[in-house]
Amino acid sequence: MTKSASPERVALRLSRLGFAEPVVAGQLLSSENLGLWDPAANTPPDNAAAVTVAALGRAADPDAALRSLAAVLAGAADAEDLRAHLREDAQVRNRLVAVLGASRTLADDLAREPDSWRVLAGRWDHGLDAAATRLHTAIGADAADPVRGRRGAPASVADAGPQLHRAYRRELLAIAARDLAGELSVDAAMNALSDLAAATLQAALAVAAQETTSTADFALAVIGMGKAGGAELNYVSDVDVLFVAEPIGETSEVDALRAAAALAAAMMRVCRAVAWEVDAALRPEGKAGPLVRTLASHQAYYRRWAATWEFQALLKARPIAGDLALAARYTDAVEPMVWTAGERADFVDDVRKMRRRVVERIPAETRDREIKLGPGGLRDVEFAVQLLQLVHGRGDPSLRLKGTLPALDALRDGGYVGRDDAVSLADAYRFLRSTEHRLQLYQLRRTHLVPEPGPARQLLARAMGYRPDSRGNSQAVWEAEWALHGREVRRLHQKLFYRPLLEAVARVPAAELRLTEAEAERRLAALGFARPHAALGHIQALTAGLSRRSAIQRTLLPVMLEAFSDAADPDAGLLAYRQVSDALGNTHWYLRTLRDEGNVAQRLAYLLGTSRYVAARLIAVPDSLRMLADDEQLRLRSAAELAAVMGETAHRQEDAVAAVAAIRSVRRAELLRIGCADLLALAHPSDVATALTATMDATLQVALDVAMGAVATDRGLDRLPIEFAVIAMGRLGGAELGYGSDADVLFVHQPDPTVSETEASGLANEVAERLRTLLAAPSPDPPVQVDAGLRPEGRNGPLARSVDSYAGYYERWSSVWEAQALLRARPVAGSAELGNAFVKLIDPLRYPRGGISAADVREIRRLKGRIDAERLPHGADPATHTKLGRGGLGDVEWTVQLLQLQHGWRNPSLRTTETIRALHAARDVALIDPATADALQSGWQMAARTRNAIVLVLGKAEDQLPSSGPALVGIGRALGYPASFDPGQLVDDYRRAGRRSRRAVERVFYGTDSTASGAST
């Protein structure tokens, strides 16, 4: 006789197969009832038994599945048939074991009614018609007869409720088993549960109709809302509905509504006893309003009183039970209202506030475990999708879908959501829904709360099919997936739900999203397009076809057109946008950036419609628009930062031409960055001048290194036997560059002892000429004009001089105007030691001890008068010429420079190259009064800002403020005036500042102010 294996050996073997209670498992498996284990061999008696034991071991809770299986077999009248299916039918085995291990409640149902296992065998049609037929058969009613009054009721009212309950649970078992066995996708399970709910509502109406006593004749329709309307129900959920009724025949409206309300209330009681709560709180006026209304009453309410959230709820409204023809009339009537709700004032903000309120109401101690309402949960996905639908669905009927996943697919296909984002959201939604299903199936209890870490969470993970891997046990693997999906949902919810594009699209009336060609031209003209037919051509070119690119453009253009209309030149803006789009349309990031990244689309439209300067640079290198997505990308950079980038870029090139071209490319990007930051009010006007100067400083520094290296290479030298420095002059020296400024410089060198003065001079002049040539060479990037016209002897003198040569010239020939020009001299590139030596040389000239003579003052005034008379362009308006006009840049700068020449020798604070700093110093040492200083500063800053704005708008250097026209409007917008400002206001403001400044100039520069007249004593 074969000796049985010891209980310990059996327990060890079964624990390895997954049983947590192996001793009890061994007893049950070895029992006559199951016969799945041979204790003597310590193994299943045959392959069929081995497969069944293995299936039990894979269950979410192997021990619970085994106990329940034993109970089902013990109570089954046809136990042998069930055993045969377990051995021979893999589908029945997998379905049954999966249910028994994951749902305690459904396992108990099977134990009470063992014959229910047959719903697990073969095919089970989960469609609405099939489910309705089975439920109505169970209660003895006609499923095909719509409920009107009391017709179609079951034959036996007393038994109908319990019969419907048992039939409902069999349907639920059939769905759950196939779901848990992996035969149904999450989508299919939600659809099946939604069909079951609709069939149950219809059957419950038939039961309820038998209880009513009214003789009124009426039609009652049940409208599915929420998850029921979206066909995305879970296993245990309230079913949200609305009721609509209409009288039939001679029945009055009052009698019909009273009888319909009684029938609806009875149906709700039946459903509560059979399956779940029916919630009608989404009806007009909520629980305070009547349970049932007529169609006309519903319409009147939504037209006059409905809140934003009610239209969001109606997004999912669909006929679900009762009189489906009436239900269809209801949805046909209310749907147009849904798709205009997005045009309500503050609509987008209302939806966002509603979502925030939901989160705020979650108890803090459970917020992180709330799979439905918490951050990163189901509601985040649903709210984001619904908001996108309500905004964009006004003009795109393809988005008018009830379910979250179908709507997300449509948003992806229409280009409203990126492909990767749509996949991430859909995956997360399915994961969260599957988690919700498994949580509810365990006890068929309505819950959205993930259990604390421990056995219950381990059971959840196994019920969802997770198994141990490198991340840990099943629970750890599930937790890692949950964290990943939660992060993605939070990220994408913030990205989509708070996308600035939504507000902009919502502000565009729905009628304007669907215009005929003639209507479109009229609308474009109304928006301010001077050439609406040409604009329409650009729009048609951008949106033609069925490509994803065209679809996204159709989303963007309503917003872009509104933004162009706020710009000074909508036509130029749209043309530039088309040019940028043509250049980048097939680039994967371009349209995605406009659609998804902050307010890039609106920023781009404003920039292109305002500034030809920015438009030209974007069209030349359109990938630069990425910087509009992030304010940090528009941060102005220092000369040191730029020089490092330029140096690294130049170092990678093969020759000097390519190296300087690379430097200029970096400069072009920086000029674009500065222009964008300036126009978008992300930079202070004084910082703009500093940034433009820093860009030129860095360009000269790195380009000089390249030029010196190139000359050395040409001469066959490792390095040149000279020191070389570039001295900034004019606006560059004053750190006051504008967009249209050239680089005024002096070149200075110092020979090594190993070379002669003549040879050193030749090398230095070659370096200077090479530097100027390389920076001004033809290129897609803006040229850098290096002007050495302020050098001794002007254009007749050598480009570069030694320090000694400068000293000799200034000692013998220097005039007061040269001393005045040297007030702005500042070393900018090359040898710092040589630059400092040059500054030491010129300081006595520009800050002469005792100040300048009365004759020199008269000479400066004479020169100023000559420039005012001769250099002002013919036809220019001296009141609005920014450089040479009254109270403009020249007036203020000559005034400040006169004070520096007179008083700089004894006031160190005046020894600065910067106009405003010198002006403040003069005020602080009481050379001028504060009011005069303020007038001079206001005039100078107004002229400097206006001059920059002119270049930004026109795309070219210009000093004259236009008196009228689109250019004046653009300049005003560039200066920060509001979209609807009167252009004349800008001219008035400029003239007013100029007049104040000119009066101050006349007092200080021309001697009417006693503190600043004549030579210092």
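Computed from a predicted structure; not experimentally measured. (Residues numbered from 1 in each chain as written. Predicted model: local features only at pLDDT ≥ 70, side-chain atom pairs only at ≥ 80, totals over all residues. Heavy atoms only, no water.)

Undergrad: Help me get a handle on the overall build of the protein chain, residues and values and all.
TA: Counting secondary structure elements, the protein chain contains 43 helices and 10 strands. With the C-alpha coordinates aligned to their principal axes, the bounding extent of the protein chain is approximately 125 × 85 × 50 Å. Among the 1017 residues that make up the protein chain, the fraction classed as buried is 56%. Here the analysis covers contacts within the protein chain between residues at least 6 apart in sequence; of these, 72% occur between residues at least 24 apart. Element-wise, carbon and sulfur atoms account for 50% of the exposed surface of the protein chain, whose accessible area totals about 41,400 Å². On the protein chain, the mean spot of the 123 positive side-chain charges and the mean spot of the 126 negative ones are 2 Å from each other. (Helix = DSSP H or I, 4+ residues; strand = E, 2+ residues; numbered from the N terminus. Buried < 20%, exposed > 50% of the residue type's maximum accessible area, 1.4 Å probe, protein only. Contact = heavy atoms within 4.5 Å. Areas by Shrake-Rupley, 256 points an atom, 1.4 Å probe, with all protein chains shown as cover. Lys, Arg positive; Asp, Glu negative; His and termini not counted. Charge placed at Lys NZ, Arg CZ, Asp CG, Glu CD.)

Undergrad: So, the packing of aromatic side chains: which residues are in play, and what are the values?
TA: Counted according to the given criterion, the structure contains 14 aromatic pairs. Where F1005 meets Y1006, the ring centres are 4.9 Å apart and the plane angle is 85°; that geometry is what we call edge-to-face. According to the relative accessible area criterion, Y1006 is partly exposed, its value standing at 31%. Every member of this aromatic cluster is reached through a ring pair, and the members are F431, Y466, W478 and W482. Over the face of the ring belonging to Y613 we find R617, whose NZ or CZ atom lies 3.7 Å from the ring centre. The ring of Y847 has R911 lying over it, and the distance from NZ or CZ to the ring centre is 6.0 Å. (Phe/Tyr/Trp six-rings, centres within 6.5 Å; stacked < 30°, edge-to-face > 60°. Lys NZ or Arg CZ within 6 Å of the ring centre and 35° of its normal.)

Undergrad: Tell me about the layout of surface pockets, and please be specific about residues and values.
TA: Here the largest pocket is characterised by a volume of approximately 1,300 Å³. Residue lining of the largest pocket: 38 residues in total, with L790, I867, R871, K883 and W894 positioned closest to the centre. For the lining of the largest pocket, the elements supplying multiple residues, two or more each, are α33 (730–733), α36 (816–822), α38 (854–870), α39 (889–903) and α41 (930–954). Tallied by class, the residues present in the lining of the largest pocket amount to 11 nonpolar, 10 polar and 17 charged. Estimates place the volume of the second largest pocket at around 1,000 Å³. Lining the second largest pocket we find 30 residues, and of these L282, V358, L373, R379 and F383 sit closest to its centre. When residues of the lining of the second largest pocket are traced back to their parent elements, those giving at least two are α11 (226–229), α14 (308–314), α16 (347–360) and α17 (378–392). No other element matches α17, which puts 4 residues into the lining of the second largest pocket. Residues belonging to the lining of the second largest pocket are distributed by class as follows: 11 nonpolar, 6 polar and 13 charged. (1 Å grid on protein atoms, 1.4 Å probe; cavity = no way out; pocket = protein on both sides within 12 Å on 5 of 7 lines; lining within 4 Å. Points joined across faces, edges and corners; volume = space filled by probe spheres on them. Nonpolar A, V, L, I, M, F, W, Y, C, P; charged D, E, K, R; others polar.)

Undergrad: Any details on the environment of E562? Residues and values, ideally.
TA: Structurally, E562 is set in helix α25 (residues 548–566). Sequence separation between E562 and A264 is 298 residues, and the spatial gap between their C-alpha atoms is 49 Å.

Undergrad: Kindly report on the pairing of strand β1 (residues 218–224), identifying the contributing residues and their values.
TA: The buried count for β1 comes to 7 of 7 residues, which makes it a mostly enclosed element. A two-sided burial pattern is seen for β1, the buried positions comprising F218, L220, V222 and G224 on one face and A219, A221 and I223 on the other. Strand direction decides the pairing type here: β1 and strand β2 (residues 239–247), joined by 7 bridges, are antiparallel. Bridging from a neighbouring strand, L220 pairs with A245 of β2. Sheet analysis places β1 next to strand β5 (residues 318–322), joined by 4 bridges and oriented antiparallel. Its bridge partner being in β5, V222 is matched across the sheet by A321. (Pairing = 2+ DSSP bridges.)

Undergrad: Can you break down the environment of N765 residue by residue, with the values?
TA: Tracing the backbone shows N765 in helix α34 (residues 757–776). With 34 residues separating them in the primary sequence, N765 and L799 have C-alpha atoms 5.7 Å apart. Here the side chain of N765 touches L799 through a polar contact of 2.9 Å, landing on its backbone nitrogen. (Polar contact = N/O pair within 3.5 Å; in protein donor to acceptor, adjacent residues only side chain to side chain.)

Undergrad: Provide a residue-level description of the pattern of salt bridges, including the pertinent values.
TA: Summed over the entire model, instances satisfying the criterion amount to 59 salt bridges. When the shortest N-O distance is used, the salt bridge between R433 and E382 registers 3.5 Å. Taken together, the positions of R433 in helix α19 (residues 419–443) and E382 in helix α17 put the pair 51 residues apart, joining distant regions of the chain. Here R433 matches E382 in class, with each residue buried. (Salt bridge = Lys/Arg side-chain N within 4 Å of Asp/Glu carboxyl O.)

Undergrad: I'd like a description of helix α18 (residues 404–413), backed by residues and values.
TA: Three or more residues of α18 are buried, namely T404, L405, A407, L408, A410 and L411. Looking at the buried residues of α18, the elements they touch are α10 (186–211), α17 and α19. One or two residues past the end of α18 sits G415, with phi positive at roughly 85°.

Undergrad: With reference to specific residues and values, describe the nonpolar core.
TA: The biggest cluster of nonpolar side chains holds 152 residues, and the ones touching the most others in it are Y577, L625, L628, F724 and F747. For this core, the element with the highest residue contribution is helix α32 (residues 685–714), accounting for 15 residues. Residues contacting Y577, with those up to four places away along its chain left out, are L542, Q553, L556, L557, M560, F564, Y590, L591, L594, L604 and L608. Core analysis: the next-biggest nonpolar cluster, separate from the first, contains 102 residues, A132, A177, F218 and V222 among them. (Core = buried A, V, L, I, M, F, W, Y, C linked by side-chain atoms within 4.5 Å.)

Undergrad: Please give an account of the packing of helix α24 (residues 532–543) against α25 that cites residues and values.
TA: At a closest axis distance of 8 Å, the pairing of α24 and α25 adopts a crossing angle of 150°. Comparing their axes, α25 and α24 come out roughly antiparallel. Residues I539, L542 and T543 of α24 form the contact with α25, whose participating residues are S550, Q553, R554, L557 and L561. Split by residue class, the contact of α24 with α25 holds 4 nonpolar, 3 polar and 1 charged. (Axes fitted to C-alpha atoms, helices over the stretch in contact; angles between N-to-C directions. Parallel < 35°, antiparallel > 145°, perpendicular 65-115°, else oblique.)

Undergrad: Explain the confidence of the model for the protein chain to me, and be specific about the residues and the numbers.
TA: For the protein chain, per-residue confidence averages 89 on the pLDDT scale, and residues scoring 70 or more make up 94% of the total. Within the model, the stretch residues 148–153 combines pLDDT values under 50 with 21 contacts to residues more than four positions away or in other chains. Across residues 1009–1017 the pLDDT falls below 50, and counting only partners more than four positions away or on other chains, this stretch makes 26 contacts in the model. (pLDDT = per-residue confidence, 0-100.)

Undergrad: Quick rundown of unusual backbone geometry? Include the residues and the values.
TA: Of note, E285 is a non-glycine position whose phi angle comes to about 70°, a positive value. Along the polypeptide, E285 turns up in the loop between β3 (278–279) and β4 (292–293). Accessibility expressed as a relative area gives 47% for E285, which makes it partly exposed.

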